[in-house]
Amino acid sequence: MEEISWSDFEKIDLRVGTILAVEDFPKARKPAYQLTIDFGSILGIKQSSAQITVHYSKEELVGRQVVAVVNFPRKQIANFFSECLVTGFADEQGDIILTTVEKKVPNGARLM
């Protein structure tokens, strides 16, 4: 594992947002959802593609707060532009479990 400096870590902008909408993403190579996430008044609404279909239904995702990297450049996936990277951990089969917060915090709050 390569060590990074504190200044390297400070470049990564991890924020909390609330999922507003979830749509199927049939054009993705691997099963995924298109997420619409509210990051508050400073960052606004962003979209993300997330391969989280194994552990989450669309209905249970709406209203859930997630942690995302918000300062990556936009990435085109098929006909969709992902504007942030929703974070998570792979389970034993490699399927993603979302990174969330224990208690509700304001949308746009930065990981400290």
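Quick summary incoming for the structure in this document. (Residues numbered from 1 in each chain as written. Predicted model: local features only at pLDDT ≥ 70, side-chain atom pairs only at ≥ 80, totals over all residues. Heavy atoms only, no water.)

### A few points about the packing of aromatic side chains
Each aromatic ring pair is described using two quantities: the centre-to-centre distance and the angle formed by the ring planes.
In step 1: Under the definition given, this model contains two aromatic pairs.
In step 2: Between Trp6 and Phe9 the ring centres are 5.4 Å apart and the planes differ by 45°, which places this aromatic pair in the tilted class. Note that Trp6 and Phe9 are positioned in helix 1 (residues 6-10) at a spacing of three residues, about one turn of the helix. (Phe/Tyr/Trp six-rings, centres within 6.5 Å; stacked < 30°, edge-to-face > 60°. Helix = DSSP H or I, 4+ residues; strand = E, 2+ residues; numbered from the N terminus.)

### Description of the pattern of salt bridges
In step 1: With the rule as written, the count across this model stands at five salt bridges.
In step 2: Where Arg15 meets Asp13, a salt bridge forms, and the shortest distance between an N and an O atom there is 2.6 Å. One exposure class covers both Arg15 and Asp13, and it is buried.
In step 3: Of the charged contacts in the structure, one is a salt bridge between Asp24 and Lys58, with a shortest N-O distance of 3.2 Å. Here Asp24, found in strand 1 (residues 14-24), pairs with Lys58, found in helix 3 (residues 58-61); they are 34 residues apart in sequence, far enough to count as distant.
In step 4: Because the salt bridges share partners, they merge into one network encompassing Asp13, Arg15 and Arg110. (Salt bridge = Lys/Arg side-chain N within 4 Å of Asp/Glu carboxyl O. Buried < 20%, exposed > 50% of the residue type's maximum accessible area, 1.4 Å probe, protein only.)

### Observations concerning the nonpolar core
In step 1: Core analysis: the biggest nonpolar cluster contains 16 residues, and Ile19, Leu35, Ile37, Ile52, Leu61, Val86 and Leu98 have the highest contact counts within it.
In step 2: Taken together, the elements giving at least two residues each to this core come down to strand 1, strand 2 (33-38) and strand 4 (65-69).
In step 3: Per-element tally for this core: the top contributor is strand 2, with three residues.
In step 4: Aside from chain neighbours lying at most four places away, what touches Leu35 is Ile19, Ala21, Val22, Lys46, Gln47, Ser48, Ala50, Ile52, Leu61 and Val86. (Core = buried A, V, L, I, M, F, W, Y, C linked by side-chain atoms within 4.5 Å. Contact = heavy atoms within 4.5 Å.)

### So, the layout of surface pockets
In step 1: In this structure, the largest pocket encloses a volume near 520 Å³.
In step 2: Of all the secondary-structure elements, those providing two or more residues to the lining of the largest pocket are strand 3 (45-50), strand 5 (75-77), strand 7 (85-86) and strand 9 (96-98).
In step 3: No other element matches strand 3, which puts three residues into the lining of the largest pocket.
In step 4: Among the residues forming the lining of the largest pocket, the class breakdown is 13 nonpolar, four polar and four charged. (1 Å grid on protein atoms, 1.4 Å probe; cavity = no way out; pocket = protein on both sides within 12 Å on 5 of 7 lines; lining within 4 Å. Points joined across faces, edges and corners; volume = space filled by probe spheres on them. Nonpolar A, V, L, I, M, F, W, Y, C, P; charged D, E, K, R; others polar.)

### Notes on the environment of Ser5
In step 1: With respect to the helices, strands and loops of the structure, Ser5 is situated in the segment before helix 1.
In step 2: You can call Ser5 partly exposed: its relative accessible area is 33%.
In step 3: At 3.0 Å, the side chain of Ser5 and the side chain of Ser7 are in polar contact. (Polar contact = N/O pair within 3.5 Å; in protein donor to acceptor, adjacent residues only side chain to side chain.)

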